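Notes for the structure review
The residues making up each chain are set out below.
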Amino acid sequence: MRDAAPQTVYLSDYTPFPWTVESVELHFTLDPHATRVRSTIRFVPNPAYVKDPDEPVLTMFLHGENVKLIWAQIDEMPVDPEVTATGLRTAVPDGPFTWEAEVEIDPANNTALEGLYMSNGMYCTQCEAEGFRKITFYPDRPDVMSVFTVTIEGPHPVLLSNGNPVVTQKHLAKWHDPWPKPAYLFALVAGDLVAHSDSFTTMSGRDVALNLYVRPGDEGKCAFGMQALKDSMKWDEDVYGREYDLDLFNIVAVDDFNMGAMENKGLNIFNSSAVLASQATSTDTNFERIEAIIAHEYFHNWTGNRITCRDWFQLCLKEGLTVFRDSQFTSDMRSAPVKRIGDVIDLRGRQFAEDQGPLAHPVRPESFQEINNFYTATIYEKGAEVIRMLKTLVGDDAYAQAVTLYFDRHDGDAATIEDWLKVFEDTTGRDLTQFKRWYSQAGTPRLKAEETWAGDTLTLTFTQHTPPSAATPAPQPYVIPIAVGLLGKDGSEVAPTTILEMTQATQSFTFTGLSARPTASILRGFSAPVVLDHAADHAHLLAYDTDPFNRWEAGRTLARNTLIDMMLNGTRPDPAYLRGLQSVLDDTRLDPAYRRLMMALPTQSELATALHDAGHVPEPDIIYATLEALRDAMVQQFQDVLPQLYEDNLVTEAYAPNAEQSGMRALGNAALSLLTRVDGGKLAAEQYDHADNMTQQLAALANLIRAGRGEAALKAFEAQWKDDRLVMDKWFGLQVNEADPEDAHEVAATLTKHPDFNWKNPNRFRAVFGSLAMHHAGFHHASGAGYELLADWLIRLDPVNPQTTARMCSAFQTWKRYDPARRDMILTQVQRILSTPDLSRDTTEMLTRIAAP
Ligand code: ZN
């Protein structure tokens, strides 16, 4: 069945559902092509639904897509509802009633991976945001919450659903979830799976059984994820006072999954790439990401499940908060400055680009066509930044009190951003009306800082300006928490960090009683998601800043400035930057992971965003070449110390994916990649031969490719790992990542002909095309071949998997910043995709928004 005509949904149109659902019983009889789902649903008139008392609601609409209705009855009397492509409408009694229906669905042909589908012979579900309607007819909206009892009949050894098991027999299982939940948290899994089991004793002494279910063969990749789960459970008790609330917590790994993972009540479902880990097959980066995603999904049990969202416009209520919580967790488990710097790099790379282009939207959007298109960096990452600012403004104690009030007041609710802000207002007595603009306006504010010095007084004058966008044509000033510290000439701290609270378009703050003019360190810890423009003494800050984030930021700013100077004015790399960097690298008191981040140059896309911000047209080839030139200059500058840096960071103890060891490997591999520029890959070849873990093996392979010695190593790697899907994803992705910009599109095109290029698997598709889209100079090749290749494949994928297709369309979102020739070529491809017959609503919405004039 085809998508219905696109319809725009507005936040302002919200009305409650006319009924509440008292209970849901589901009975699944599994069959690959003809699964039967019988539902028994008790509806009761909703007192919160304001209706005309003289006009009873006599018909009910239930969502339903791609489900074949076999029969239906109300209060045991057959009914014959009117069924359309989006649901059904039926006459109903004026009072409580029981709806029963049987439908048939086809999981084996469900390639969209939404609803009930099959992956490698196992059944699994993905219902967020609106996938439950592909399982049966239901009021599929998050404010309709109910208690579910689920029976599953099928020939599989493992049959799982939410909650606690009630009956477990051969080929039949019955589950009961006592916690009322919206349908998007429903889950079902059936398959030939093995469990890695453990247990956790909660703070009140209850024992919770924990299982990580995987396909036979993956048992050896479960231990790390299980430990991450136990660490998360403990952390949420210690830091937020939140205890787990069922006797059982299950996680299942599936190979075909559109996103990272899903927080279904008591039955989390994970993309196998987001949970399976081992020394031989996973990089340090994989381990850290897995730990963070397990924490994220677990934390949703309170922020998302116990308190859910009233409607999908409130998505950031659970996602922004949960991302913020998982970032706190990672900071506590690993290094807080390293985590913060990584998050800011990511925010600038993805969210700033989104906010700068045609897809810009507020953290709480006001309209959408396809909600799946709003699982964005703005809602997740900027949403987390907004909560971070709130905490900075009210302070740690008030934050803890407000969040506790939120849990007490709203447990069991489907809540809104208004509810969230109200607990902060009630706790602190603050008026958050202006702060709320962070939720309602799109765009990244520019914050200009100017200094004047007179007598013993430093005056900082800030001006904020947010570029207008289609989503927010006339942005009003924000409340901006600006963390500032002052440093003396000798590097000593003259004034510790204080928070300046900016509320006006222009505002001054003074520091008096100073004996000499200090160096101001502004926006410490990246205290607000803004673009800061401050002509500071960055070299001094790089040498002395006591705030680790701003010390790194000073180096980053110098790097960006020198790169932009090289591009626009043909200058040579700034020796002051290289000297400053050298002194940080030489400082072995600093954490290796931190020194590694110091060495990392801004990404190509970050530079393109910065150039566009400064009113220039980014030229991908020049950006690429300039970064290469700066790297060559770094090799010249550091040549003598690089071999030692490499040696010093070789880990001699047994492999562990902890912060300390991964920092050393990261720094050592940064040294390796500079050394490869001069040794032709000699050291990389040695590392490849001796690697006993994937971090070292993959880094060596990347360097061998760059040194032009990749061919044999890629063959060997493929022979070694051909049966491991997750490692083969790396093999596919790396070849595109490391390709010369001249032939990145050809490398991608060649990979699509490989017998293992299973393009219907989202991980594999993304390995090739996500990598191509992220290869800035390769994707934006002047011929337009990169654009065309991606468009060809998006056209092919759309009828199979609209969600993954639509997400990948964001590769085109930055088109407006390029030169007219590239703009034309991108728009031509966008139009070509748009003119494809029967294009999905997901892809249509994304590309229509991208191409909007
Ligand atoms: Zn989430």
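Before reading on, note that the structure itself is shown above.
In this text, all values refer to a predicted model and were calculated from it rather than measured experimentally. (Residues numbered from 1 in each chain as written. Predicted model: local features only at pLDDT ≥ 70, side-chain atom pairs only at ≥ 80, totals over all residues. Heavy atoms only, no water.)

**Overview of the overall build of the chain**
- Within the chain, the regular secondary structure consists of 27 helices and 31 strands.
- Taken over C-alpha atoms, the radius of gyration comes to 28 Å for the chain, in line with the 29 Å a tight globule of 853 residues would show.
- Overall, the C-alpha framework of the chain stretches about 85 × 65 × 60 Å when taken along its three principal axes.
- For the chain, the proportion of its 853 residues judged to be buried stands at 59%.
- The long-range share in the chain, meaning contacts at least 24 apart out of those at least 6 apart in sequence, stands at 70%.
- Of the roughly 32,300 Å² of accessible surface on the chain, 50% is carried by carbon and sulfur atoms.
- Seen as two clouds, the 75 positive and the 116 negative side-chain charges of the chain have centres 2 Å apart. (Helix = DSSP H or I, 4+ residues; strand = E, 2+ residues; numbered from the N terminus. Rg over C-alpha atoms; globule rule 2.2 N^0.38 Å. Buried < 20%, exposed > 50% of the residue type's maximum accessible area, 1.4 Å probe, protein only. Contact = heavy atoms within 4.5 Å. Areas by Shrake-Rupley, 256 points an atom, 1.4 Å probe, with all protein chains shown as cover. Lys, Arg positive; Asp, Glu negative; His and termini not counted. Charge placed at Lys NZ, Arg CZ, Asp CG, Glu CD.)

**What about the state of the cysteines?**
- Enumeration according to the criterion identifies 0 disulfides in this entry.
- The structure places no disulfide on Cys222, whose sulfur is separated from the nearest cysteine sulfur, that of Cys124, by 16 Å.
- Cys222 gets classed as buried once you look at its relative accessible area, which sits at 0%. (Disulfide = S-S within 2.5 Å.)

**Things to note about the pattern of salt bridges**
- For the coordinates displayed, the defined rule picks out 54 salt bridges.
- The closest approach of N and O atoms between Arg725 and Asp255, which form a salt bridge, is 3.5 Å. Note that Arg725 is positioned in helix 20 (residues 725–737) and Asp255 in the loop between strand 19 (248–254) and strand 20 (261–262), a separation of 470 residues in sequence.
- Between Arg409 and Asp426 there is a salt bridge whose closest N-O contact spans 2.8 Å. Separated by 17 residues along the polypeptide, Arg409 in helix 6 (residues 396–410) and Asp426 in helix 7 (residues 417–428) bring together distant segments of the chain.
- For Arg409, a relative accessible area of 37% gives the class partly exposed.
- What you see here is one network of salt bridges that share partners, running through Arg36, Lys68, Glu102 and Glu104. (Salt bridge = Lys/Arg side-chain N within 4 Å of Asp/Glu carboxyl O.)

**Comments concerning the coordination of the zinc ion**
- The coordination sphere of the zinc ion contains the protein donors His296 (NE2), His300 (NE2), Glu319 (OE) and Glu319 (OE), at a distance range of 1.9 to 2.8 Å.
- What the 4 donor atoms of the zinc ion show is an angle range of 52 to 160° at the metal, which sorts the shape as irregular.
- Sequence spacing among the residues donating to the zinc ion works out to H-x3-H-x18-E.
- Of the residues examined, His296 reaches a relative accessible area of 8% and is grouped as buried.
- On the basis of relative accessible area, His300 is assigned to the buried category, the value being 0%. (Donors = N, O, S within 2.8 Å, 3.2 Å for Na, K, Ca; no water. Tetrahedral: all angles 85-135°; square planar, octahedral: opposite > 155°, others 65-115°.)

**As for the pairing of strand 12 (residues 145–153)**
- Burial analysis of strand 12 places 7 of its 9 residues in the buried class, the great majority of the element.
- Pairing geometry for strand 2 (residues 19–29) and strand 12, over 7 bridges, is parallel. Counterpart to Val24 in the pairing with strand 12 is Phe148.
- With 8 bridges connecting them, strand 12 and strand 15 (residues 172–182) associate as antiparallel partners. Within strand 15, the residue paired with Ser146 across the bridge is Lys181. (Pairing = 2+ DSSP bridges.)

**What to know about unusual backbone geometry**
- Residues Glu128 and Ala129 are joined by a peptide bond in cis, for which omega reads 5°.
- At Asp75, a residue that is not glycine, the phi angle is positive and equals roughly 50°.
- Here Asp75 shows up in the loop between strand 5 (68–74) and strand 6 (77–78).
- One non-glycine residue, Leu113, adopts positive backbone phi at about 60°.
- Within the fold, Leu113 resides in the loop between strand 9 (97–105) and strand 10 (115–119).
- On the accessibility criterion, Leu113 (5% relative accessible area) is buried.

**Brief notes about the packing of helix 11 (residues 575–586) against helix 12 (residues 592–599)**
- At their nearest, the axes of helix 11 and helix 12 sit 10 Å apart, and the two run at 165° to each other. If you check the angle between helix 11 and helix 12, you find them roughly antiparallel. Remark: the crossing between helix 11 and helix 12 carries left-handed chirality. Listed contacts from helix 12 to Tyr577, Leu581, Val584 and Leu585 of helix 11 are Arg595, Met598 and Met599.
- Across the contact of helix 11 with helix 12, the residue classes break down as 6 nonpolar, no polar and 1 charged. (Axes fitted to C-alpha atoms, helices over the stretch in contact; angles between N-to-C directions. Parallel < 35°, antiparallel > 145°, perpendicular 65-115°, else oblique. Left-handed = near helix turned anticlockwise from the far one by under 90°. Nonpolar A, V, L, I, M, F, W, Y, C, P; charged D, E, K, R; others polar.)

**Re the packing of helix 4 (residues 336–356) against helix 12**
- At a minimum axis separation of 10 Å, helix 4 and helix 12 run at an interaxial angle of 25°. One finds that helix 4 runs roughly parallel with respect to helix 12. By crossing handedness, the relation of helix 4 to helix 12 is classed as left-handed. The segment helix 4 lies against helix 12, with Val338, Ile341 and Ile345 engaging Ala593, Tyr594 and Leu597.
- Among the residues making up the contact of helix 4 with helix 12, the classes are represented as 6 nonpolar, no polar and no charged.

**A closer look at the sheet that holds strand 31 (residues 531–534)**
- Spatially, 29-26-25-31 is the arrangement adopted by the 4 strands of the open sheet, whose pairing is mixed. Looking at which strands have only one partner, the edges of the open sheet turn out to be strand 29 (506–511) and strand 31. Sheet twist, expressed as the average angle between the axes of neighbouring strands with direction ignored, equals 20°.

**Remarks on the environment of Arg796**
- Structurally, Arg796 is set in helix 24 (residues 785–797).
- Arg796 sits in the partly exposed class, given a relative accessible area of 44%.
- Considered as a pair, Arg796 and Arg334 are 462 residues apart in the sequence and their alpha carbons are 42 Å apart.

**A word on helix 3 (residues 315–333)**
- Here helix 3 spans 27 Å end to end across 19 residues, near enough to the 27 Å set by a 1.5 Å rise per residue.
- Across the 19 residues of helix 3, 17 count as buried, placing the element largely inside the fold. (Expected span 1.5 Å × (residues − 1).)

**Considering the nonpolar core**
- Judged by nonpolar contacts, the single largest core of 264 residues is most densely connected at Phe28, Trp420, Phe435 and Phe812.
- If sequence neighbours within four positions are ignored, Phe435 has contacts with Val386, Met389, Leu390, Leu393, Leu421 and Val479. (Core = buried A, V, L, I, M, F, W, Y, C linked by side-chain atoms within 4.5 Å.)

**Concerning the sheet that holds strand 18 (residues 207–214)**
- Across the sheet, 5 strands lie side by side as 17-18-19-21-20; this open sheet has mixed pairing. Bordering the open sheet on either side are strand 17 (194–201) and strand 20, each of which pairs with just one other strand.
- Each of strand 19, strand 20 and strand 21 (267–271) touches helix 2 (residues 284–299); the most contacted strand, strand 21, lies at about 150° to it.

**Quick word on the packing of aromatic side chains**
- Applying the stated criterion to the full structure yields 43 aromatic pairs.
- Between Phe132 and Phe186 the ring centres are 5.3 Å apart and the planes differ by 75°, which places this aromatic pair in the edge-to-face class. In this pair, Phe132 is assigned in the loop between strand 11 (122–126) and strand 12 and Phe186 in the loop between strand 15 and strand 16 (188–191), connecting sequence segments 54 residues apart.
- Judged by its relative accessible area of 0%, Phe186 falls in the buried class. (Phe/Tyr/Trp six-rings, centres within 6.5 Å; stacked < 30°, edge-to-face > 60°.)

**A few points about the side chain of Ser146**
- Along the chain, the position of Ser146 falls in strand 12.
- A residue is classified by how much of its surface remains accessible, and Ser146, at 1% relative accessible area, is buried.
- From its side chain, Ser146 meets the backbone nitrogen of Ser23 in a polar contact 3.4 Å long.
- In this structure, Ser146 is in contact with Val21, Glu22, Ser23, Val24, Tyr138, Trp179, Pro180 and Lys181, ignoring residues within four places of it in sequence. (Polar contact = N/O pair within 3.5 Å; in protein donor to acceptor, adjacent residues only side chain to side chain.)

**A look at the pairing of strand 21**
- Within strand 21, 5 of the 5 residues are buried, which leaves the element mostly enclosed by the surrounding structure.
- Alternating positions in strand 21 separate into two faces, Leu267, Ile269 and Asn271 on one and Asn268 and Phe270 on the other, with burial throughout.
- Judged from the 5 bridges that link them, strand 19 and strand 21 form a sheet pairing that is parallel. Paired with Ile251 across the two strands is Asn268, which belongs to strand 21.
- In this structure, strand 20 lies alongside strand 21, joined through 2 bridges in antiparallel fashion.

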